[in-house]
Amino acid sequence: MEAEIDSGVFDYDAYPEECPLLHEAHKDEQEIGCTQDEVEQNESKCCGFGKNKVLTLISIASVNFCLMACYSILAPFFPNEAMHKGATDTIVGLIFGIFSLTALVFSPIAGRYIVHIGAKFMFVSGILISGVCTVLFGLLDKASSGPMYITLCFVVRTFDAIGFAFSSTTSSAIMAQNFPDNIATLMGVLEIFTGLGLLLGPPLGGFLYSAWGYEMPFFIIGGLLLLMVPLNMILLPSQEGTIFKASFFRLLMLPPIIMSSVLVVLQACSVGFLDPTISIFLKNQFQLKPKYIGLVFLTLSATYAIGSPIIGYLCDLKPNLRRPSMVIGSLMSGICFCMMGPAPFIYAHQQLWIMVLSLAINGLALGFTVVPIFAEMLDTALQNGFEEGLSTMGLVSGLFGSMWSVGNFLGPTLGGYLNDHLHFQWAATIQGSLMLAVGVIACVYYLKDAAQWRLK
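Note that the coordinates shown come from a computational prediction; the quantities given were computed from them, not determined experimentally.

Caption draft 1: Highlighting the overall build of the protein. Of regular secondary structure, the protein possesses 16 helices and zero strands. Looking at the protein as a whole, 54% of its 456 residues qualify as buried. Intrachain contacts of the protein at a sequence separation of at least 6 include 84% that bridge at least 24 residues. Of the roughly 20400 Å² of accessible surface on the protein, 68% is carried by carbon and sulfur atoms.

Here you go:
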């Protein structure tokens, strides 16, 4: 012991009886040292959020809000504005739909090359492209009516969709990588900001359009999105991942993925269906002004934003609730669309309160279906041999984005066509019937799949 003291490397723990006071003092010193050196790690383990994760969540949430606000500001006034410029209901539906058709093509491309290009660079580049295109869309009223105006609408919306696909695909993959144990919960939290963007976009767009004309909604919301570019370059930490050889088509061919994809398409179709149809219906049937039409849109977005984090938390807490939640959401949406018109066979009078209530319930239904799907698809991929990492998360995110884009293309396109030829009541009834049919098919498939797992 004396030799150890002379050498300056005395082991206090080896002689607790000979040096009790020194032994206790050394224990306290060790505890204090551990707290000082590892406080950030301990806090991260306790709450699940380190500094980088908080910055990541703030960055993606702010961009989600701005992107969805840019997307939704058109709904209250653009269909009528475009019709004054020579576009028909079908053309208006195609202008809305081309956004989703382009995102359908570029979402899987973004997911496939997210690690090669760099997640942060792709994310910020997408914000920049989308912001510039939003501002440019505000200048299109200067174009001459007819083919020139319609062509420019298609071109600007196409490039806007490319930026949107880059940002939205990357954001989902980044969230899955940073919060692997709370995917549904964090997706639900992000849907608050998505819902707020959808929520505030239509009334803000309607108000700015009524107060200052066509350009102002695009200049303000587009400028806000451009402001996100330098902020995210500073705030968002670098995202690293390993390149894996993973096949997009192999993922798409998995039966549970096919079922989830169909549900995503139908829910996106239901949202896109409303863009070119509901504003015209509300104006013609109830003589509502654009700012009041925007308030009607609030109901769907509000219930979606409120319900999504709760649904996500429950689905993370009990993952076996994901599939029942997805089926219930599809069935609820089908019923809501049949009530919006309402369907001719219901024999009810058209009333504004029925429309508002149907939209509110449909917002909850959308959350029931959409929030758990990403986690369900990612789990399916990992269970079928895909490597855990940013590459697989990018593939799943790209698939989710492309399926959502399919629905967002079919929704306004078919919605505009059906509204042209059958009017809103029958158009909404057809959309609702599709939702009900897919909900029943999904229920049967999931029950059969669960029975097969029990047998195994």
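On we go from here.
Caption draft 2: Molecular detail of the packing of helix 12 (residues 255-286) against helix 14 (residues 322-340). One can describe the packing of helix 12 onto helix 14 by two numbers: an axis separation of 11 Å at closest approach and a directional angle of 30°. With respect to helix 14, the axis of helix 12 lies roughly parallel. Helix-helix and strand crossings are classified by hand; for helix 12 and helix 14 the assignment is left-handed. Here Pro256, Ser260, Leu263, Gln267, Ser270, Phe273 and Leu274 of helix 12 lie close against helix 14, whose contacting residues are Arg323, Met326, Gly329, Ser330, Ser333, Phe337 and Met340. Residues belonging to the contact of helix 12 with helix 14 are distributed by class as follows: seven nonpolar, six polar and one charged.

Caption draft 3: Looking closely at helix 5 (residues 89-112). With 24 residues, helix 5 extends 36 Å from end C-alpha to end C-alpha; this agrees with the ideal 34 Å at 1.5 Å per step. Its maximal kink placed at glycine 97, helix 5 deviates by approximately 30°.

Caption draft 4: Representation of the side chain of serine 397 in the model. Relative to the helices and strands, serine 397 is located in helix 16 (residues 390-455). Classification of serine 397 by relative accessible area gives buried; the value is 2%. Of the polar contacts made by the side chain of serine 397, one reaches the backbone oxygen of threonine 169; its length is 2.6 Å. Those residues within four positions of serine 397 in sequence are excluded, and the remaining contacts are Ser168, Thr169, Ser172, Ala173 and Phe374.

Caption draft 5: Looking closely at the pattern of salt bridges. This model, assessed by the stated rule, comprises five salt bridges. Salt bridges sharing common partners tie together Arg322, Arg323, Glu376, Asp379 and Asp449.

Caption draft 6: Structural detail: the packing of aromatic side chains. Inspection of every chain in the model, using the stated rule, returns 17 aromatic pairs. When the ring of phenylalanine 77 is compared with that of phenylalanine 218, the centres are 5.9 Å apart and the planes differ by 75°; the resulting orientation is edge-to-face. With a gap of 141 residues between them, phenylalanine 77 in the loop between helix 3 (51-72) and helix 4 (78-84) and phenylalanine 218 in helix 10 (residues 215-235) connect regions that are remote in the sequence. Among the residues examined, phenylalanine 77 registers a relative accessible area of 1% and is labelled buried. Their ring planes at 55° and their centres at 5.5 Å tell us that phenylalanine 78 and phenylalanine 137 sit as a pair that is tilted. Taken together, the positions of phenylalanine 78 in helix 4 and phenylalanine 137 in helix 7 (residues 119-137) put the pair 59 residues apart, joining distant regions of the chain. Classification of phenylalanine 78 by relative accessible area gives buried; the value is 0%. Given the relative accessible area of 3%, phenylalanine 137 is considered buried. Within the aromatic cluster, the residues linked to one another by ring pairs are Phe77, Phe78, Phe137, Tyr209, Tyr214 and Phe218. Above the ring of phenylalanine 386, the side-chain terminus of arginine 250 is found at 4.3 Å from the ring centroid.

Caption draft 7: Local environment of the nonpolar core. One finds Phe78, Phe137, Tyr149 and Leu251 to be the most contacted residues of the largest nonpolar core, which totals 110 residues. The greatest single-element share of this core, amounting to 15 residues, is contributed by helix 16.

Caption draft 8: Just the packing of helix 14 against helix 16, in detail. Where helix 14 contacts helix 16, the two axes come as close as 7 Å, and the packing angle between them is 160°. When the interaxial angle is binned, helix 14 and helix 16 end up roughly antiparallel. Note that helix 14 runs across helix 16; the crossing there is left-handed. Of the residues that constitute the contact of helix 14 with helix 16, the class distribution is 16 nonpolar, eight polar and two charged.

Caption draft 9: Focus on the confidence of the model for the protein. Overall, the predicted model of the protein reaches an average pLDDT of 79, with 86% of residues at or above 70. With pLDDT under 50 throughout, residues 18-47 is counted as low confidence; its partners more than four residues away or in other chains account for 14 contacts.

Caption draft 10: Just unusual backbone geometry, in detail. Phi is positive for histidine 423, which is not a glycine, with a value near 75°. The topology assignment puts histidine 423 in helix 16.

Cut-offs and rules
Residues numbered from 1 in each chain as written. Predicted model: local features only at pLDDT ≥ 70, side-chain atom pairs only at ≥ 80, totals over all residues. Heavy atoms only, no water. Helix = DSSP H or I, 4+ residues; strand = E, 2+ residues; numbered from the N terminus. Buried < 20%, exposed > 50% of the residue type's maximum accessible area, 1.4 Å probe, protein only. Contact = heavy atoms within 4.5 Å. Areas by Shrake-Rupley, 256 points an atom, 1.4 Å probe, with all protein chains shown as cover. Axes fitted to C-alpha atoms, helices over the stretch in contact; angles between N-to-C directions. Parallel < 35°, antiparallel > 145°, perpendicular 65-115°, else oblique. Left-handed = near helix turned anticlockwise from the far one by under 90°. Nonpolar A, V, L, I, M, F, W, Y, C, P; charged D, E, K, R; others polar. Expected span 1.5 Å × (residues − 1). Bend = angle between axes of the 7 residues up to and from the residue. Polar contact = N/O pair within 3.5 Å; in protein donor to acceptor, adjacent residues only side chain to side chain. Salt bridge = Lys/Arg side-chain N within 4 Å of Asp/Glu carboxyl O. Phe/Tyr/Trp six-rings, centres within 6.5 Å; stacked < 30°, edge-to-face > 60°. Lys NZ or Arg CZ within 6 Å of the ring centre and 35° of its normal. Core = buried A, V, L, I, M, F, W, Y, C linked by side-chain atoms within 4.5 Å. pLDDT = per-residue confidence, 0-100.

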